[in-house]
Amino acid sequence: MTDPLVDALRAAVEAAPQNAPVRVQLAEALLAQGEAEEALLHARAVLAASPADAPALGVAARAASANGQDDVAAGYAQLRDALAGGTGGGRAGGGRQRPGTGPRGPARISARGDEEDRDPADPESPDEDAPNDSGGLFVERASDVTLADVGGMTDVKRELERSFLGPLRHPDLTAHYGASLGGGLMLYGPPGCGKTLLARAVAGELGAQFVSIGLQDVLDLWLGESERKLHEAFGYARRHAPCVLFFDEVDALGQKRGQLKGGAGRNVVNQLLSEMDGMDSQDDGVFVLAATNHPWDVDSALRRPGRFDRSVLVLPPDAEARAAIFSLHLRDRPVDGVDVQRLAKRTDGFSGADVALVCRTATANVMEDAMASGTMRPVRQSDLDAAIAETRPSTAPWFKLAYNFAAFANDGGEYDGLLAYIRKHRLA
Ligand SMILES: Nc1ncnc2c1ncn2[C@@H]1O[C@H](COP(=O)(O)OP(=O)(O)OP(=O)(O)O)[C@@H](O)[C@H]1O
Ligand SMILES: [Mg+2]
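Bear in mind the structure is a predicted one, so any value in this text is a computation, not a measurement. For every chain, the first residue of the written sequence is number 1, and numbering continues from 1 along that sequence. As a convention, the first chain written is A and the first ligand written is 1, with the rest following in written order. For this predicted model, a pLDDT threshold of at least 70 governs which residues receive local features, and a threshold of 80 or more governs which side-chain atom pairs are given and counted, while totals over whole chains, interfaces and linings are taken from all residues. To obtain the side-chain values, all non-hydrogen atoms of the structure were used and water was disregarded.

S.K.: Any details on the site of ligand 1? Residues and values, ideally.
M.R.: By convention in this text, a residue qualifies as near a molecule or strand provided that one of its non-hydrogen atoms is within 4 Å of it. Around ligand 1 sit 15 residues, and of these Gly151, Gly192, Lys195, Thr196 and Leu197 come closest. Under the rule applied, a polar contact is a pair of N or O atoms within 3.5 Å (in protein, one hydrogen donor and one hydrogen acceptor; residues adjacent in sequence only if both atoms are side-chain atoms). Contact between ligand 1 and glycine 192: an oxygen atom at 2.7 Å from a main-chain N or O atom of the residue. Leucine 197 has a polar backbone atom sitting 2.9 Å from an oxygen atom of ligand 1. Contact with the protein chains covers 80% of the free accessible surface of ligand 1, which is 640 Å². For the purposes of this entry, the term helix denotes a DSSP run of H or I that reaches at least four residues, the term strand denotes a run of E that reaches at least two, and both are numbered from the N terminus. At the level of secondary structure, the elements contributing two or more residues to the shell around ligand 1 comprise helix H10 (195-205) and helix H16 (319-330). Looking at the shell around ligand 1, its residues break down into eight nonpolar, six polar and one charged. These domain boundaries are the output of an automatic or database domain assignment. Two domains each put at least three residues into the shell around ligand 1: domain 2 (115-313) and domain 3 (319-389). Areas reported as accessible are Shrake-Rupley estimates using a 1.4 Å probe. Residue values count occlusion only from the protein chains shown. In the scheme used here, Gly and all other residues not listed as nonpolar or charged are polar, with Ala, Val, Leu, Ile, Met, Phe, Trp, Tyr, Cys and Pro taken as nonpolar and Asp, Glu, Lys and Arg as charged.

S.K.: Residues and numbers for the packing of helix H1 (residues 4-15) against helix H2 (residues 20-32), please.
M.R.: At a closest axis distance of 9 Å, the pairing of H1 and H2 adopts a crossing angle of 150 degrees. Put simply, H1 runs roughly antiparallel to H2. Crossing of H1 over H2 shows left-handed handedness. Two secondary-structure elements touch here, H1 through Leu5, Val6, Leu9, Arg10, Ala12 and Val13 and H2 through Val22, Arg23, Gln25, Leu26, Ala29 and Leu30. Between N-to-C directions, angles span 0 to 180 degrees; the directions come from axes that are lines fitted to C-alpha atoms, helices contributing only their stretch in contact. Geometric relationships in this document are graded by angle, where less than 35 degrees denotes roughly parallel, more than 145 denotes roughly antiparallel, 65 to 115 denotes roughly perpendicular, and other angles denote oblique. Crossing handedness is defined as follows: a turn of the near helix away from the far one that is anticlockwise and smaller than a right angle gives a left-handed crossing, while the clockwise case is right-handed. Only heavy atoms matter for contacts: two residues are in contact if any of them lie within 4.5 Å across the pair.

S.K.: Summarise the side chain of arginine 303; cite the residues concerned and give the values.
M.R.: Within the secondary structure layout, arginine 303 lies in the loop between strand S5 (286-292) and strand S6 (310-313). Side-chain polar atoms of arginine 303 contact the backbone oxygen of phenylalanine 308, separated by 3.2 Å. Contact partners of arginine 303, with chain neighbours within four places excluded, come to Met186, Pro295, Val298, Phe308, Asp309, Ser311, Glu414 and Tyr415.

S.K.: Give me the lowdown on the pairing of strand S2 (residues 185-188), citing residues and values where you can.
M.R.: Each residue is placed in one exposure class: buried if its accessible area under a 1.4 Å probe, protein chains only, is under 20% of its type's maximum, exposed if it is over 50%, and partly exposed if it falls in between. A two-sided burial pattern is seen for S2, the buried positions comprising Leu185 and Leu187 on one face and Met186 and Tyr188 on the other. Two strands are counted as paired when DSSP detects at least two bridges linking them. Judged from the four bridges that link them, S2 and S5 form a sheet pairing that is parallel. Within S5, the position partnered with methionine 186 by the bridge is alanine 290. Relative to S6, S2 runs parallel, the two sharing four bridges. Residue pairing in the sheet places leucine 185 in a bridge with arginine 310 of S6.

S.K.: So what about the pattern of salt bridges? Which residues, and what values?
M.R.: Note on definitions: salt bridges are taken to be side-chain nitrogens of Lys or Arg within 4 Å of carboxyl oxygens of Asp or Glu. For the structure on display, the rule yields 14 salt bridges. Glutamate 161 is the partner of arginine 169 in a salt bridge, and the nearest nitrogen-oxygen pair spans 2.5 Å. Since its relative accessible area comes to 29%, glutamate 161 is described here as partly exposed. Overlapping salt bridges bring together Glu161, Arg169 and Glu205 as one network.

S.K.: I'd like to hear about the packing of H16 against helix H18 (residues 352-373), residue by residue, with values.
M.R.: If you want to describe how two helices pack, look at the angle between their axes and the distance between the axes. Two elements in contact, H16 and H18, have axes separated by 9 Å at closest approach and are oriented at 40 degrees. It follows that H16 is oblique to H18 by the angle criterion. In the crossing of H16 with H18, the sense of the turn from one axis to the other is right-handed. For the pair H16 and H18, the contacting residues are Arg322, Ile325, Phe326, His329 and Leu330 in the first and Gly352, Val355, Ala356, Val358 and Cys359 in the second.

S.K.: Explain the confidence of the model for the chain to me, and be specific about the residues and the numbers.
M.R.: For the chain, per-residue confidence averages 77 on the pLDDT scale, and 77% of positions sit at 70 or higher. Confidence scores differ between elements of the chain, with helix H6 (residues 106-113) showing the lowest mean pLDDT of 26 and helix H17 (residues 340-345) the highest of 97. As a per-residue measure, pLDDT reflects the predictor's confidence and takes values from 0 up to 100. With pLDDT under 50 throughout, residues 86-137 is counted as low confidence; its partners more than four residues away or in other chains account for 75 contacts.

S.K.: Outline helix H21 (residues 416-424), supporting the account with residue identities and numerical values.
M.R.: Buried residues of H21: Leu418, Leu419, Tyr421 and Ile422, and no others. Taken around the axis of H21, the buried residues stretch over an arc of 160 degrees, which confines them to a single face. The exposed residues of H21 that point more than 90 degrees off its buried face are Arg423 and Lys424. Those residues of H21 that are buried lie in contact with S2, S6 and helix H20 (396-408). Of the residues one or two after H21, arginine 426 is the one with positive phi, at around 50 degrees. In this description, the arc belongs to the directions extending from the helix axis to the C-beta atoms.

S.K.: Go over the nonpolar core with me, naming the residues and quoting the values.
M.R.: One finds Phe234, Leu245, Phe247, Phe308 and Leu418 to be the most contacted residues of the largest nonpolar core, which totals 38 residues. If you list the elements that add at least two residues to this core, you get S2, strand S3 (209-214), helix H12 (226-239), strand S4 (243-248), helix H14 (264-277), S5, H20 and H21. Nonpolar cores are built from buried Ala, Val, Leu, Ile, Met, Phe, Trp, Tyr and Cys residues. Side-chain atoms within 4.5 Å join them into one set.

S.K.: Explain the packing of aromatic side chains to me, and be specific about the residues and the numbers.
M.R.: Within 6.5 Å between ring centres, the rings of Phe, Tyr and Trp (the latter by its six-membered ring) count as paired, and their orientation is classed by plane angle as stacked under 30 degrees, edge-to-face over 60, tilted in between. Inspection of every chain in the model, using the stated rule, returns eight aromatic pairs. Among the aromatic residues, those joined into a cluster by ring pairs are Tyr188, Trp296, Trp398, Phe399, Phe405, Tyr415 and Tyr421.

In structure tokens, the structure reads:
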């Protein structure tokens, strides 16, 4: 690569790995050169740290599309649009703000989505501390989201209690029955359905800080230094215990391993294994969670006892969860006579991101009307119904793909729950 702009941006990124705008510029420059794959990696690195970064979402969508990954591209674009709709709606409503005044519930979740706006000078801001002693790799967020903030999804919550939180809350009982407290938990399922939200909620339940790490960062951007970075991540988590280390897209390790020269991916897997094996969550106060859309790609060594030995399937939000997500996304918009329960009934199979898109579409249509007619009116049920009719649930392609993997990788019935859901909803 001889393009001087790309070279300069690369150097800038190397000097300041956590500088998101520079990394987004590098992604743009790479994309302009036809280096879509590398552009996507940089965009994803930014998103791993700040999932709501709109410019990063934009370049990620275009890079994925140039890469032929249309589903992925659509996901990024949808998320960017949903987020744009969120802030746009807030402004359209006259900049109304209700910081912290809402009931415990989705309101607090959405407040977290705005945390890029957090004042960096605020001593309460945990982000301030992160770059200083974490090698600049991680964005840290203290989690104040708990399971009570996650609408519906009773089965997932029960499973999280049973397999992860319960044993940690009752170490004596756990020891009595000879169970172990070590090991991590892997959340898997279709995109946009609440994995990241649930990981945050688990951190909140444990009163722990939340550190999110995109493994793409570790693998692709600090090749050769990856093991040290991983070691630092665990050290950082121990110093800030109790702390949840969240590995987003953990499948990246499995996928990349074969492609990388010199077994660099293997080394990172080994480092992660040894960090996890040397861990005693009770003493260390370090809890390891991971999320993936492709559990079948996760390196099998990572799935053995004491590592990511428990997994929880996160399915599309149920009706109660969808009602909560509707309330969340309509909260700051002018609405009239909207029944979120009825909307929830009509959106079976929609992801959280799809529900956000419906709210955005309805609002955009009403705004268009208002501009044409010169009169303002609120968003009504019929507007949302119309938006639902023109939105297709985005999770269907994931289930089709998942069926192929799950049906053939179902050793020990690992994917029984997923296969049952697919059959029940005739998704494959
Ligand atoms: N049960 C729920 N209650 C409230 N909000 C929810 C719920 N489930 C999902 N959401 C909302 O839906 C959106 C997508 O959720 P999230 O980012 O956690 O999905 P994800 O599974 O991590 O997706 P990806 O696989 O793309 O990373 C978020 O805005 C989240 O707040
Ligand atoms: Mg996520």
